[in-house]
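# Working through the structure, step by step
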Amino acid sequence: MANQGFQQVQKQTQSLVLAPQLRQSLKILQAPALELRNTILEELQANPTLEELPMEGVSIEQQSADPDSSSSEDEERPREMEMSDSDYSVLSNLNEEFREYFAQENSAGSYSRDDEERRQHFFDSLTSETSLQEHLLRQADLSELDELERAAMDYLVGSLDDRGFLTSSLSDLALMANLPLSSVQSAAEALKSFDPAGIGAKDLQDCLLTQLHLQGRHKSLPARIIKDHFDLLLRRRIPELARKVSSPAEDVQEAIEEIAMLDPAPGRKFGDDSNRVIVPDVRVEKDGDEWIIHLNNDYIPRLRISHAYKEMIARGIVNGKDREYVREKIRSGKFLINSIEQRQQTIERITREILRLQHDFFEEGVSKLRPLTMNQVAELVGVHETTVSRAIANKFIETPHGVFEFKYFFTPGYQGQDGQTFSNKSVKDQIAHIIEDEEPAKPFSDQGIVAILAEKDIKIARRTVAKYREELGILPTNLRRRYN
């Protein structure tokens, strides 16, 4: 009989544990302007050493640049924040010494109560609801995903369109995210099991089939009609459908009515019925021959460390546990201030590279959009591509051609024989213009569109044209034809 008993075994493992302040930094980096404001206000309530400057007060950059505001209490930095993983390289200097701007300690008096009431009324009028992304990421937190799959899940959730569809192929998404295709595929499979049913589908057909599959009805008559005769379903050809599925017309009619009860756009139930305000995080405009980048700081409260609390420490007014409490709150406040500054700097640097790499788009419009990956921008900015992904998540940029999500500028594409590159979105735009200019009585076939694009040195397959046409919501040739 083998000896039984306890043994001590030393085992070395490697894992990444995010300290609370690092998690806060990532949250700040990922939050759009209005969400960031709510996060900052929560910190203002929880940290008595923080105070808000008036809207016309000093900027965050001024607070960190003042050479005369160093404190003897800054010498103890949080050791828990040390990190080496390249995912967080943009945050690597968040533990450095911070400096405050003392000259503004009496500036609050210039900000009237009426100004504050008007400002608060505006923000109180905005509803705050759980976004689709938040709803899905909460479910991801409860899923058994490994590190790469979770990184892929974050990217997939950020790539959903307003319907909740993944319109890009998984191979394209894996390429843009610089992640293994197998991890992206596993994450996509998990995503399709999340609520709401049908989320993460590649198109309407896949969305409807997914909903029936989750109901355990993947072999039902409605599922057969959707899977094998989707074109006839869209045209409601009930007699022809009845012959194809060998079922009475009454049964087909009931199946179509059941299909009509499914949700064709599961992502739209999150916030579309509310007066959701889209606030661009960045505005890019041309001034003469120069392009100017404006960061939106209007909704981000300006913070500083309260001079009164620093005086309490400097003069030894508090001791023991109270002293340590104040010192910790001051350190936490400085970390928050620098995290906000780092967020703004990162967004500005990413925007500058997008402006440089997509210069033709800003000059001429969507037709000039070029292929671009997050890894390209990450290398130029000097961060990891997951940092770029977090920094652009749910954020918008205002351009001379309209307001676009940041992720709009990241797209795979094609290269012509002359070396010119075309993004997927640019090709879609050209397909839309070709169909818009066609003769209603003689619409172009998908193969005809292939030939027209080939004349412009854009070589793509007919099935790709059909895919892009469907994503644009454009009917096939026979349904576009108009008779006089």
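The structure under discussion appears in the preceding block.
Residues take numbers from 1 onward in each chain, read along the sequence in its written order. Since the coordinates come from a predicted model, pLDDT governs what is reported: local features require at least 70, and pairs of side-chain atoms require 80 or more to be given and counted, while whole-chain, interface and lining totals use all residues. Side-chain descriptors were evaluated using all non-hydrogen atoms of the structure, hydrogens and water having been removed beforehand.

### Points about the layout of surface pockets
- Put plainly, a pocket is an open set of points on a 1 Å grid over the protein atoms alone with protein on both sides within 12 Å along at least five of seven lines, a cavity is a set where a 1.4 Å probe fits but cannot get out, and a lining residue has an atom within 4 Å of a point. Grid points are joined across faces, edges and corners, and a volume is the space filled by probe spheres set on the points. Taken as a whole, the second largest pocket holds about 960 Å³ of empty space.
- For the lining of the second largest pocket, the secondary-structure elements that each account for two or more residues are helix 8 (181-191), helix 9 (204-214), helix 11 (230-234) and helix 21 (462-471).
- Labels follow the DSSP assignment, with helices taken as runs of H or I lasting at least four residues and strands as runs of E lasting at least two, numbered in each case from the N terminus. Considering every element that reaches the lining of the second largest pocket, the biggest residue donor is helix 21, with four residues.
- Asp, Glu, Lys and Arg are counted as charged, while Ala, Val, Leu, Ile, Met, Phe, Trp, Tyr, Cys and Pro are counted as nonpolar; the rest, among them Gly, fall into the polar class. Looking at the lining of the second largest pocket residue by residue, the class counts come to 14 nonpolar, six polar and 13 charged.

### Things to note about the environment of Lys395
- Within the element layout of this structure, Lys395 appears in the loop between helix 18 (385-392) and strand 5 (396-399).
- Spatially, the C-alpha atoms of Lys395 and Ile347 are 9.7 Å apart, while their sequence positions differ by 48 residues.
- Pairs of residues are marked as contacts when any of their non-hydrogen atoms sit within 4.5 Å. In contact with Lys395, not counting residues within four places along its chain, are Leu29, Gln30, Ala31, Pro32, Asp281, Arg343, Ile347, Arg390, Phe404, Glu405 and Phe406.
- Under this definition, polar contacts are N or O atom pairs within 3.5 Å; protein pairs additionally need one hydrogen-donor-capable and one acceptor-capable atom, and for neighbouring residues in sequence, both atoms have to be side-chain atoms. For Lys395, the side chain forms a polar contact with the main-chain oxygen of Ala391, separated by 2.9 Å.

### Some remarks on the side chain of Glu438
- Inspection of the secondary structure assignment puts Glu438 in the loop between helix 19 (424-436) and helix 20 (446-455).
- Classification of Glu438 by relative accessible area gives buried; the value is 10%.
- Ignoring anything within four residues of it in the chain, the contact list for Glu438 reads Pro443, Phe444 and Arg480. Exposure is judged per residue with a 1.4 Å probe applied to protein chains only, and the accessible area is read against the type maximum: over 50% gives exposed, under 20% gives buried, and values in between give partly exposed.

### Digging into the packing of aromatic side chains
- Working definition: a ring pair exists when centres of Phe, Tyr or Trp rings (six-membered ring for Trp) sit within 6.5 Å. Plane angles under 30 degrees give stacked, over 60 give edge-to-face, the rest tilted. Following the criterion strictly, the structure yields nine aromatic pairs and no others.
- Taking the centre distance of 5.8 Å and the plane angle of 65° together, the rings of Trp291 and Phe362 count as edge-to-face. Note that Trp291 is positioned in strand 3 (residues 290-295) and Phe362 in helix 16 (residues 359-364), a separation of 71 residues in sequence. Of the two residues examined, Trp291 and Phe362, each falls in the buried class.
- Ring geometry for Phe361 versus Phe409: centroids 5.1 Å apart, planes at 85°, classification edge-to-face. Within this pair, whereas Phe361 is found in helix 16, its partner Phe409 is found in the loop between strand 6 (402-405) and strand 7 (413-415), the two being separated by 48 residues in sequence.
- Judged by its relative accessible area of 0%, Phe361 is buried.
- Its relative accessible area of 0% is what places Phe409 among the buried residues.
- A connected cluster of aromatic rings, assembled from ring pairs, spans Trp291, Phe361, Phe362, Phe404, Tyr408 and Phe409.

### Focus on the sheet that holds strand 6
- The rule for pairing is simple: two strands pair if DSSP sees at least two bridges between them. The sheet built from four strands is open, its strands ordered 3-2-5-6 with mixed pairing. Across the chains shown, the open sheet's two edge strands, defined by having one partner strand only, are strand 3 and strand 6. Across this sheet, the average inter-strand angle for adjacent strands is 25°, counted without regard to direction.
- Across four bridges, the pairing between strand 5 and strand 6 is antiparallel. Opposite Phe396, over in strand 6, you have Glu405 as the bridge partner.
- Lines fitted to the C-alpha atoms define the axes, with helices restricted to the stretch that makes contact. Angles between their N-to-C directions range from 0 to 180 degrees. Its contacts with the sheet put helix 15 (residues 320-357) on strand 2 (282-287), strand 3 and strand 5, and the angle it makes with strand 3 is roughly 155°.

### Quick look at the nonpolar core
- Nonpolar cores are built from buried Ala, Val, Leu, Ile, Met, Phe, Trp, Tyr and Cys residues. Side-chain atoms within 4.5 Å join them into one set. With 52 residues, the main nonpolar core has Leu191, Phe362, Val388 and Phe409 as its most contacted residues.
- Other than its neighbours up to four places away in sequence, Phe362 contacts Val284, Trp291, Ile354, Leu355, Ile397, Thr399, Pro400, His401 and Phe409.
- In terms of nonpolar packing, the next biggest core, distinct from the first, is built from 18 residues, Leu208, Leu232, Val245 and Ala255 among them.

### Description of the pairing of strand 2
- One ladder, built from six bridges, connects strand 2 with strand 3; its direction is antiparallel. Across the sheet, residue Val284 finds its bridge partner in strand 3, namely Ile293.
- Taken together, strand 2 and the strand that follows it, strand 3, pair antiparallel across an intervening segment of two residues, in which Gly288 is found at a positive phi of about 70°.

### Quick notes on the side chain of Asn47
- Relative to the elements of secondary structure, Asn47 occurs in the loop between helix 2 (33-46) and strand 1 (50-53).
- Owing to a relative accessible area of 2%, Asn47 belongs among the buried residues under this scheme.
- There is a polar contact of 2.6 Å between the side chain of Asn47 and the side chain of Thr49.
- Not counting the four nearest positions on each side in its chain, Asn47 is found in contact with Lys329, Ser332 and Gly333.

### Quick word on helix 10 (residues 221-228)
- What helix 10 keeps buried is the set Leu221, Pro222, Ala223, Ile225 and Ile226.
- Elements in contact with the buried residues of helix 10: helix 9, helix 11, helix 12 (238-245) and helix 13 (249-260).

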